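Architecture at a glance
Here are the chains, one letter per residue:
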Amino acid sequence: MSAVIEIEGLRKTFHSLRSGRRVAVDGFDLLVEAGQVHGFLGPNGSGKTTTLRALLGLVRADSGRMTVLGEPSPELLPRVAGQVGAIVESPQFFGNFTGHRTLRLLARAGGVPVSRVDEVLDLVGLHDRGDDRVKGYSLGMKQRLAVASALLKDPRLLILDEPANGLDPAGIREMRDLMRSLAANGVTVLVSSHILGEIQLICDHVTIISRGRRVAAGPVDEVLAGYDRHEYLVRVTEPERAAELLHAADLTAVVDGEALVVSGVSDPTVVSRVLGEQGLWVSELTPLRPDLESVFLELTGAYEHRSVPRQVDDSSLPHDEAVIDLDRGVDA
Amino acid sequence: MNLVRAELERLSARRFVQLMVVLLVFAFAVTAATTLAGSHKPTASELNSARQQAVDARRSMETTHQECLDRMKDRSPTDTSEYFADCADLDPIRQERLPIAADYLPGVFSFADQAESLLSFLIAFLVLFGFLVGASYIGADLTSGGVVNLLLWRPRRLTVLTAKLGTLLGSVLVLSLLASAAYLATFWVIGQSTGLPGRLDGDFWRSLGAVHGRGLVLVLLASAVGFAIATLGRHTSAALGAAAAYAVVWELGGRLVLEIIDVRRSDQLMLSSYIGAWLSGESRFFDPRLCAGTSGTGYCSGLYTLTWAPALLVLLGLTGGLTAAAFAVFRRRDLI
């Protein structure tokens, strides 16, 4: 598959008189290949939006190499801009314009047929509200309008920064369906979001960023598999005794209320056999698979110090030995 | 071209622009209505009386001039007591204008007499309009993220900014031309119907055209300056603040300080001097040191002149510098 977005060694530092020097992105790499629905995750202030802004030429990178649809960005971005639909954070639209007029102006500025406006309003569910003024829109409706603006060009690459912001559950579901349908039609989608369950549902690949550096990248299943500790939840009548029996069978078992969490299990039948042989009958044996949220929190250090409010800059730096890149292997 | 059309639509849809146009129309309507209400068509006897008064006034000027010449001829070389040391100042031929009948027709609007001052009022409004609209057009777009939105579509910063500035200047020029044409036509009709048209000869139209042309240039420069300062400061308020700060700190405070420390020709350091010189063709300012060597030996006005050419150079230089700086900064700026 060909690379649609390639970022290598992106570095960006902001300087201000008030807060001094702040490294926003620190040697970040990203690879998005054609046809992927690629999730871009990171805690607040980790550099996601700065990365997207740099990629789209809105922020000048200090160093690094970026390409979009094969063209160096931002130098030759105008060559492919007609094929890239993007929203970065929540774009503000002119409140006095109607949704229809907002899109019509963008279409005109970008040389897109105005007939496309009705199509995209329909796609994002704003067809009946297109003639309302934007200032009367809810946050979710503004977000839909933003996505509509990104879709106007009928893009080959869609970059969406927090597209689910402000959407109600039905809206989130519609957005998910929309992205799936776009991907099915060959559109490559790069989507950043905090709603990790959504990312897990719609994305086939993921890149996680923390404090400006990549901490994990690759197919979602493989990233999750990398964090699978082969844990099982076991319910038995005497959990303490069961734990002792499992310890004796070289398994790690921790009592958690009325159940046990057993880790390092390569074959779950061993658990039921060990306990059954001693007359303890297992009423539940459930594999505890890692989800994206737990992996994300672990990778970005957000699990630590639960009793202390976590600050945005408290995220972890990547562990030297464990930057997971399942597309390229493990970086040292 | 598509970009310019889109920008034109955005500009015309701005509430602030619409409000300023409404204000312009309102001011225009009030001025026209009060003029109409305060003017009447002069009767034949009023006209005859006014003509006679004008003739008398001109004759009086000639008499005063002649008396001055006679006194100068008779006075001794050491007599410096005369107030009018130079009779040329009294020469009717050298006056900017001579009394005419319209000067003696109270309550009668004369288009030829008042067109220039009416046009100056319109130009002053349009200068303010251009500056504020120029500043708010880019300032609001920068703060609201409109520019970022546009750059996602057209990732060519200089093209986008040029389109915006071009659209602004083109729109302000067209509006100024339309407004001044409607304005002058309305007062011309008032002059024809309930007043006097006055002497509308070639000189009048040439003079009015020159004022109009210079005024339009000033309107465009003010628009570009507002646009440039708001671009540099990222906010509409940057332009408003810079203009207010300049007026208070430099034109008022700075002028006072320069006078206290006796800086020679401090008017030359004030932008308002160049604006005045450009609009009126030339401005005269007082420089007491010009008369330092002539004390007691003859008449010295102590005035020096600032003409339109250097004034235009200064205004163009300032506007060009600010605009170039705005483009240079916008080209490299992080748009967050």
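Anyway, here's the lowdown on the structure attached to this text. (Residues numbered from 1 in each chain as written. Chains lettered and ligands numbered in written order. Predicted model: local features only at pLDDT ≥ 70, side-chain atom pairs only at ≥ 80, totals over all residues.)

Notes on the overall build of chain B
Defined as follows: Secondary structure counts use DSSP, requiring at least four H or I residues in a row for a helix and at least two E residues in a row for a strand, with both numbered from the N terminus. Our radius of gyration looks at C-alpha atoms and nothing else; its globule reference is 2.2 Å times the residue count to the power 0.38. A residue is called partly exposed when the number of other C-beta atoms within 10 Å of its own lies between 12 and 20, exposed at 12 or fewer, and buried at 20 or more, with C-beta atoms placed from the backbone.
The number of helices and strands found in chain B is 10 helices and two strands. Scaling as 2.2 N^0.38, a compact globule of 336 residues should have a C-alpha radius of gyration of about 20 Å, whereas chain B reaches 25 Å, well beyond that. In terms of overall dimensions, chain B has a C-alpha envelope of 85 × 55 × 30 Å along the principal axes. When the 336 residues of chain B are sorted by exposure, 28% land in the buried category.

Examining the sheet that holds strand 11 (residues 231-235) of chain A
Residue and element names in this part refer to chain A. Inclusion rule: The pairing criterion is simple: DSSP has to find at least two bridges between the two strands. Helix axes are fitted to C-alpha atoms over the stretch in contact, other axes to C-alpha atoms as well, and angles between N-to-C directions run from 0 to 180 degrees.
Taking strand neighbours across the sheet as the criterion, the four strands line up as 12-13-11-14 in an open arrangement whose pairing is antiparallel. The sheet terminates laterally at strand 12 (252-256) and strand 14 (284-288), the two strands that pair on one side only. For this sheet, the mean inter-axis angle between neighbouring strands, taken without regard to orientation, is 25°. By the bridge criterion, five bridges tie strand 11 to strand 14 in an arrangement that is antiparallel. Its bridge partner lying in strand 14, Tyr232 is registered against Pro287.

A word on the sheet that holds strand 5 (residues 71-72) of chain A
The strands that make up a sheet are held in pairs by hydrogen bonds between backbone atoms, and each pair lies either parallel or antiparallel. Here four strands make up an open sheet; going across it, the order is 2-1-4-5 (chain A) and the pairing antiparallel. Edge positions in the open sheet fall to strand 2 (20-33) and strand 5 of chain A, since each of these has one partner strand only.

Some thoughts on the interface of chain A and chain B
When the parts of a complex come together, some accessible area is lost, and that lost area is often taken as the interface size. Condition: In this description, a residue-residue contact is defined by the distance between C-beta atoms placed from the backbone, which must lie within 7 Å. Any residue outside Ala, Val, Leu, Ile, Met, Phe, Trp, Tyr, Cys, Pro, Asp, Glu, Lys and Arg is labelled polar, Gly included; the first ten of those are nonpolar and the last four are charged.
Counting from both sides, the interface comprises 22 residues of chain A and, opposite them, 24 residues of chain B. Listed by contribution, the elements that provide at least two residues to the side of chain A that touches chain B are helix 2 (77-80) and helix 3 (99-110) of chain A. Partitioning the side of chain A that touches chain B into residue classes produces 15 nonpolar, five polar and two charged.

Here's the deal with the pairing of strand 7 (residues 157-161) of chain A
Residue and element names in this part refer to chain A. The element strand 7 is extensively covered by neighbouring structure, given that five of its five residues are classed as buried. Residues Leu157, Ile159 and Asp161 line one face of strand 7 and the alternating positions Leu158 and Leu160 line the opposite face, and both faces are buried. Alignment of strand 6 (residues 84-87) against strand 7, held across four bridges, turns out to be parallel. The residue bridging Gly85 from the neighbouring strand is Leu158, located in strand 7. In this sheet, strand 8 (residues 188-192) lies alongside strand 7 in parallel orientation, the contact comprising five bridges.

Digging into the environment of A:Pro163
All names here are of chain A. Looking at the element boundaries, Pro163 is found in the loop between strand 7 and helix 6 (169-184). Linking Pro163 and Val147, residues 16 residues apart in sequence, is a C-alpha distance of 7.1 Å. In this structure Pro163 touches Ile87, Gln143, Val147, Met175 and Val191, once residues within four positions along its chain are discounted.

A word on the nonpolar core
For clarity, the threshold we go by: Throughout this description, the term nonpolar core refers to a group of buried Ala, Val, Leu, Ile, Met, Phe, Trp, Tyr and Cys residues whose C-beta atoms join them within 7 Å.
Counting residues in each nonpolar core, the largest one holds 142 residues, and the members touching the most others are A:Ala148 and B:Phe227. Of the residues forming this core, the biggest block, 15 residues, is contributed by helix 4 (residues 111-144) of chain B. Once you skip the residues sitting within four places of it in the chain, A:Ala148 turns out to touch A:Leu103, A:Val120, A:Leu121, A:Leu123, A:Val124 and A:Leu126. A:Tyr232, A:Leu260, A:Val262 and A:Val271 belong to the second largest nonpolar core, which has 13 residues in total.

With respect to the pairing of strand 12 of chain A
Residue and element names in this part refer to chain A. Pairing analysis gives five bridges linking strand 12 to strand 13 (residues 259-263), with the strands arranged antiparallel. In the sheet register, Thr252 faces strand 13, and the bridge partner there is Ser263. What sits between the antiparallel neighbours strand 12 and strand 13 is a turn of two residues, in which Gly257 has the positive phi angle 70°.

Concerning the packing of helix 3 of chain A against helix 5 (residues 139-151) of chain A
Residues and elements named next belong to chain A. As a reminder, the rule being used: Note on angle classes: values under 35 degrees are labelled roughly parallel, values over 145 roughly antiparallel, values of 65 to 115 roughly perpendicular, and the remainder oblique. The sense of a crossing depends on the near helix, which, turned anticlockwise from the far helix by less than a right angle, makes the crossing left-handed and, turned clockwise, makes it right-handed.
Interhelical geometry of helix 3 versus helix 5 gives an angle of 25° and a closest axis separation of 10 Å. Taken together, the axes of helix 3 and helix 5 lie roughly parallel to each other. Both helix 3 and helix 5 take part in a crossing whose hand is right-handed. Across the interface between the two elements, Gly99, Thr102, Leu103 and Leu106 from helix 3 touch Leu145, Ala148 and Ser149 from helix 5.

Thoughts on unusual backbone geometry
All names here are of chain A. At the junction of Ser73 and Pro74, the peptide bond is cis and its omega measures out at 5° in the coordinates. Note on placement: Pro74 falls in the loop between strand 5 and helix 2. Backbone geometry at Leu69 places phi at a positive 50°, although glycine is not the residue there. Assignment of secondary structure puts Leu69 in the loop between strand 4 (63-68) and strand 5. One non-glycine residue with positive phi stands out, namely Glu162, at about 50°. Positionally, Glu162 belongs in the loop between strand 7 and helix 6. Residue class for Glu162 comes out buried when judged on the 20 C-beta atoms lying within 10 Å of it.

Thoughts on helix 3 of chain A
Counting along an α-helix, one turn takes 3.6 residues, and residues three or four places apart therefore face a common direction. Going by this rule: Multiply 1.5 Å by the residue count of a helix minus one, and that product is the helix's expected span.
Taking 1.5 Å of rise per residue, the 12 residues of helix 3 of chain A would be expected to cover 16 Å, and the 17 Å separating its terminal C-alpha atoms lies within 8% of that figure. Where burial is concerned, most of helix 3 of chain A is hidden: 12 out of the 12 residues are buried. Its buried side turned inward, helix 3 of chain A meets helix 4 (116-123) and helix 5 of chain A together with helix 1 (2-13) and helix 5 (146-153) of chain B. Count one or two residues on from helix 3 of chain A and you reach A:Gly111, which has phi positive near 70°.

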